[in-house]
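These are the residues of each chain, in order.
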Amino acid sequence: MQEQHHQIGAAAEAVGLSLRTIRYYEEIGLVTPTGRTDGGFRLYTDADIDRLRLVKALKPVGMSLETMGELLIRADALEAAIDSGTEVESAASAFEEVLAVARRRCDEWEDRLGQARQVLAAFDRLTPGRSR
């Protein structure tokens, strides 16, 4: 079964990113199109589109593009190690290091969300009888 390829416009629509953003992500190495048409148009597989979705999901949690890139590089290395059956422990350890950064970032955002909810609760107590 042959893998389906999508041009950049279809990939952008599927993920909800602009063409410019996808090109920028390619420029800085976060995503690489699997191929190109004879005319030079970028072609993305479903796996490439999933990677774009992951990058898009990481952005709102405040992860820097540099950290995202490091996470993706190490995830790719882990996948390659698993596929080849070599250096899996080393690759897994490197991936876990960067993943720990992502987890800490999520914990920070959860703390901020908790603080924001406390502030809202305090305002609600100041204005009794107000409908939400």
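Whatever comes next refers back to the structure up there.
Parameters at a glance
- Residues numbered from 1 in each chain as written.
- Predicted model: local features only at pLDDT ≥ 70, side-chain atom pairs only at ≥ 80, totals over all residues.
- Heavy atoms only, no water.
- Helix = DSSP H or I, 4+ residues; strand = E, 2+ residues; numbered from the N terminus.
- Rg over C-alpha atoms; globule rule 2.2 N^0.38 Å.
- Buried < 20%, exposed > 50% of the residue type's maximum accessible area, 1.4 Å probe, protein only.
- Phe/Tyr/Trp six-rings, centres within 6.5 Å; stacked < 30°, edge-to-face > 60°.
- Lys NZ or Arg CZ within 6 Å of the ring centre and 35° of its normal.
- Pairing = 2+ DSSP bridges.
- Patch = residues over 30% accessible without salt bridge, like charges linked within 9 Å, V, L, I, M, F, W, Y side chains within 5 Å.
- Areas by Shrake-Rupley, 256 points an atom, 1.4 Å probe, with all protein chains shown as cover.
- Salt bridge = Lys/Arg side-chain N within 4 Å of Asp/Glu carboxyl O.
- Axes fitted to C-alpha atoms, helices over the stretch in contact; angles between N-to-C directions.
- Parallel < 35°, antiparallel > 145°, perpendicular 65-115°, else oblique.
- Contact = heavy atoms within 4.5 Å.
- Nonpolar A, V, L, I, M, F, W, Y, C, P; charged D, E, K, R; others polar.

Q: Can you walk me through the overall build of the protein chain in this structure?
A: Each helix and strand counted, the protein chain has 5 helices and 3 strands in total. When the elements of the protein chain are put in sequence order from the N terminus, they spell out β-α-α-β-β-α-α-α. Its C-alpha radius of gyration of 20 Å places the protein chain more than 25% over the 14 Å reference for a compact globule of 132 residues. Here the protein chain holds 132 residues, and the buried ones make up 26% of them.

Q: Mind showing me how you'd approach the packing of aromatic side chains here?
A: In this description, an aromatic ring pair is defined by two values, namely the gap between the centres and the angle between the planes. Summed over the entire model, instances satisfying the criterion amount to 1 aromatic pair. With centroids separated by 6.5 Å and ring planes inclined at 45°, the aromatic side chains of Tyr 24 and Tyr 25 adopt a geometry described as tilted. Owing to a relative accessible area of 39%, Tyr 24 belongs among the partly exposed residues under this scheme. Using a relative accessible area of 7% as the deciding quantity, one classes Tyr 25 as buried. The ring of Trp 109 is capped by Arg 112, whose NZ or CZ atom sits 5.2 Å from the centre of that ring.

Q: What am I meant to see in the sheet that holds strand S1 (residues 6–7) here?
A: Two strands in a sheet stick together by hydrogen bonds in their backbones, pointing the same way (parallel) or opposite ways (antiparallel). Pairing within the open sheet is antiparallel, and its 3 strands lie in the order S1-S3-S2. If you trace the sheet from one side to the other, it starts and ends with S1 and strand S2 (35–36), each paired once. Sheet topology places S1 next to strand S3 (residues 42–44); 2 bridges connect them, and they run antiparallel. Paired with Gln 7 across the bridge in S3 is Leu 43.

Q: Help me understand a nonpolar patch on the surface, please; the structure alone is not making it clear to me.
A: Together, Val 119, Phe 123 and Leu 126 give the surface a local cluster of nonpolar side chains, amounting to about 330 Å² of exposed area. Counting through the fold element by element, Val 119 comes out in helix H5 (residues 88–126).

Q: For this particular structure, what's the right way to read the packing of helix H1 (residues 8–15) against helix H2 (residues 19–27)?
A: If you want to describe how two helices pack, look at the angle between their axes and the distance between the axes. The geometry of H1 relative to H2 is characterised by a closest axis approach of 9 Å and an angle of 105° between their N-to-C directions. When the interaxial angle is binned, H1 and H2 end up roughly perpendicular. Two secondary-structure elements touch here, H1 through Ile 8, Gly 9, Ala 11 and Ala 12 and H2 through Leu 19, Ile 22 and Arg 23. In the contact of H1 with H2, the residues fall into 5 nonpolar, 1 polar and 1 charged.

As far as function goes, none of this settles anything; it's purely spatial.
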